[in-house]
Amino acid sequence: SSVACLMMSGAAFAADMTVGFSQIGSESGWRAAETTVTLQQAKERGIDLKFADAQQKQENQIKAVRGFIAQGVDAILIAPVVATGWEDVLAEAKDAEIPVILLDRQIDASDELYLTAVTSDQVFEGKVAGEWLVKDVGDQECKVVELQGTTGSSPAINRKKGFEEAIAGHDNITISRSQTGDFTRTKGKEVMESFIKAENGGKDICAVYAHNDDMAVGAIQAIKEAGLKPGSDIKVVSIDAVPDIFLAMAEGEANATVELTPNMAGPAFDVLEKYLADGTMPPKWIQTESKLFTQGDDPKGVYESKKDLGY
Ligand code: GYE
């Protein structure tokens, strides 16, 4: 097997390693950074990375994974666009003894079908965003509109759940409208425009909760075009911590974000190298950190420190 063979080649194995990466696409600034960081990480480690962009389609991902299996790669990374429908192709990888690591999104399938998943706790992210809002509004009535991520994706499902958990029991806070913006700026803006129309020109909206910063940036644009002030007339809370949201926070146009590292590949390659060297089994979930940033956290400085990190 490839495991035994790599065990014999010892420390030099990383240089001989070929890894296939099925990436979702480039819907967000965070996603683009993850791609950049993954390519950098592979290069630094001497890993030959085969990159496949699925253009948001699961069927393209499944094709890419089958291609990687046919090529006999040593391992496969998948950022799974949606949570369901992975059993067959993962069973094929398992039969071929090719370890699979999930990056940034979880799936609804037996964890025996993959080696590990490197992701944030997405329910927790939603909770952090919701708890920030609960604190910020106090007893005030607050109608929230929600921009969901890609339908059927684990971050959309879980970030919604966590936020709802945080506001549960606070009857002054209600989600009045909720729709997908597919994690993109364009759709985030479009959907926010329709929310504004439906909510008295935006005057009835107290806050927008976006499942990622890109949709929040689109929403900020829509709020401005409606003649309202994002960050004050309508509060803006989102997730990812991409550089642009810190620029918006510095301008007072966004209120809070929850940081998600674009470096999922580093921890993935670390455990993969160990697994291929001597069979060391990683935990089934490698959880990345989730940290809240608000306007008081030197957004200009954070922007400066992030802007060259591959975003
Ligand atoms: O938050 C969003 C991206 O899967 C957790 O996907 C990731 C999400 C991220 O497009 O910006």
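Residues numbered from 1 in each chain as written. Predicted model: local features only at pLDDT ≥ 70, side-chain atom pairs only at ≥ 80, totals over all residues.

Points about the sheet that holds strand β5 (residues 116-120)
Backbone hydrogen bonds hold the strands of a sheet together, and the pairing may be parallel or antiparallel. Note the following rule: By the convention used here, strands pair only if DSSP detects at least 2 bridges between them. Starting at the N terminus, helices and strands are each numbered in turn, a helix being any DSSP run of H or I of at least four residues and a strand any DSSP run of E of at least two. Between N-to-C directions, angles span 0 to 180 degrees; the directions come from axes that are lines fitted to C-alpha atoms, helices contributing only their stretch in contact.
If you walk across this open sheet you meet the six strands as β2-β1-β3-β4-β5-β11, and the pairing is parallel. The strands lining the two open edges of the sheet, one partner per strand, are β2 (48-53) and β11 (285-288). Recorded for the sheet is a direction-independent mean angle of 15° between the axes of neighbouring strands. Here four bridges tie β5 to β11, and the two strands are oriented parallel to one another. Following the sheet pairing, Thr119 is matched in β11 by Gln287.

A short note on the sheet that holds strand β6 (residues 142-148)
Cut-off, in case you're wondering: We call two residues in contact whenever the C-beta atoms placed from their backbones are within 7 Å.
Taken in spatial order, the six strands make up an open sheet running β7-β6-β8-β9-β10-β12, and their pairing is mixed. Edge positions in the open sheet fall to β7 (173-180) and β12 (291-294), since each of these has one partner strand only. Going from strand to strand, the sheet's axes swing by 20° on average, the running direction of each strand aside. Relative to the sheet, helix α6 (residues 122-137) contacts β6, β7, β8 (207-210), β9 (235-240), β10 (256-259) and β12, its axis offset from that of β9 by approximately 160°.

Some thoughts on helix α11 (residues 265-278)
As a reminder of what qualifies: By this rule, a helix spans an expected 1.5 Å times one less than how many residues it contains. Three classes are used. A residue is buried when 20 or more other C-beta atoms lie within 10 Å of its own, exposed when 12 or fewer do, and partly exposed in between, with C-beta atoms placed from the backbone. Arc definition: it is the arc formed by the directions from the helix axis to the C-beta atoms.
With 14 residues, α11 extends 20 Å from end C-alpha to end C-alpha; this agrees with the ideal 20 Å at 1.5 Å per step. What α11 keeps buried is the set Ala265, Ala268, Phe269, Leu272 and Leu276. Relative to the axis of α11, the buried residues are bounded by an arc of 90° and lie together on one face. Positioned one or two residues after α11, Gly279 has a phi angle of 80°, which is positive.

Focus: the site of the ligand
Note the following rule: Residue proximity rests on one test: whether the C-beta atom, placed from the backbone, lies within 6 Å of the molecule or strand. Basically, the charged four are Asp, Glu, Lys and Arg, the nonpolar ten are Ala, Val, Leu, Ile, Met, Phe, Trp, Tyr, Cys and Pro, and anything else, Gly included, counts as polar.
Neighbouring residues of the ligand: Glu27, Ser28, Trp30, Arg31, Asp104, Arg105, Pro155, Phe183, Asn212, Ile239, Asp240 and Leu260. Broken down by secondary-structure element, the contributors of at least two residues to the shell around the ligand are α3 (29-45) and β9. Class assignment of the residues belonging to the shell around the ligand gives a composition of five nonpolar, two polar and five charged.

Re the pairing of strand β4 (residues 100-103)
Going by this rule: Here a crossover is taken to be right-handed if, once the strands point away from the viewer, the path from the first strand over the helix to the second is traced clockwise.
Alternating residues of β4 divide into Val100 and Leu102 and Ile101 and Leu103, and every residue in both groups is buried. Sheet topology places strand β3 (residues 75-78) next to β4; three bridges connect them, and they run parallel. Paired with Leu77 across the bridge in β4 is Ile101. Of the crossover connections in this fold, the one passing from β3 over helix α5 (residues 87-95) to the parallel β4 is right-handed. Pairing geometry for β4 and β5, over three bridges, is parallel. Bridging from a neighbouring strand, Leu103 pairs with Val118 of β5.

Structural notes on the packing of α6 against helix α7 (residues 154-167)
Convention followed: Note on convention: near helix rotated counterclockwise from far helix by under a right angle means a left-handed crossing. Clockwise means right-handed.
For the pair α6 and α7, the least separation of the axes is 6 Å and the interaxial angle reads 40°. The handedness of the crossing between α6 and α7 comes out as right-handed. Across the interface between the two elements, Gln122, Val123, Phe124, Glu125, Gly126, Lys127, Ala129, Gly130, Glu131 and Val134 of α6 pack against Ser154, Pro155, Asn158, Arg159, Lys160, Lys161, Gly162, Phe163, Glu165, Ala166 and Ile167 of α7. In terms of residue class, the contact of α6 with α7 is built from eight nonpolar, six polar and seven charged.

Quick notes on the environment of Val237
Turning to its location among the elements, Val237 is positioned in strand β9. On the basis of neighbour counts, which here come to 24 C-beta atoms within 10 Å, the residue Val237 falls in the buried class. Taking the C-alpha atoms as reference, Val237 lies 13 Å from Ile175; in sequence the two are 62 residues apart. Discounting chain neighbours no more than four positions away, the residues touching Val237 are Ala129, Trp132, Leu133, Ala207, Tyr209, Asn255 and Ala256.

Comments concerning the UniProt feature "domain: Periplasmic binding protein" (unreviewed entry) in the protein
What counts here: UniProt positions are given in the numbering used here, feature names are shortened, and annotations may be inferred rather than shown by experiment.
According to UniProt, the "domain: Periplasmic binding protein" (unreviewed entry) feature falls on residues 21-266. Note that residues 21-266 is 43% helix and 21% strand, and that its end C-alpha atoms are spaced 13 Å apart.

Here's the deal with the nonpolar core
What counts here: Among buried residues, those of type Ala, Val, Leu, Ile, Met, Phe, Trp, Tyr and Cys that are joined through C-beta atoms within 7 Å form a set called a nonpolar core.
Judged by nonpolar contacts, the single largest core of 48 residues is most densely connected at Ala129, Met192, Ala207, Val208, Ala216, Ala219 and Ile245. Considering each element in turn, this core owes the most residues, seven residues, to helix α9 (residues 213-225). Discounting chain neighbours no more than four positions away, the residues touching Met192 are Leu147, Val208, Gly218, Ala219, Ala222 and Ile223. In this structure, Ile47, Trp86, Ala93 and Leu115 belong to the second largest nonpolar core, which totals 38 residues.

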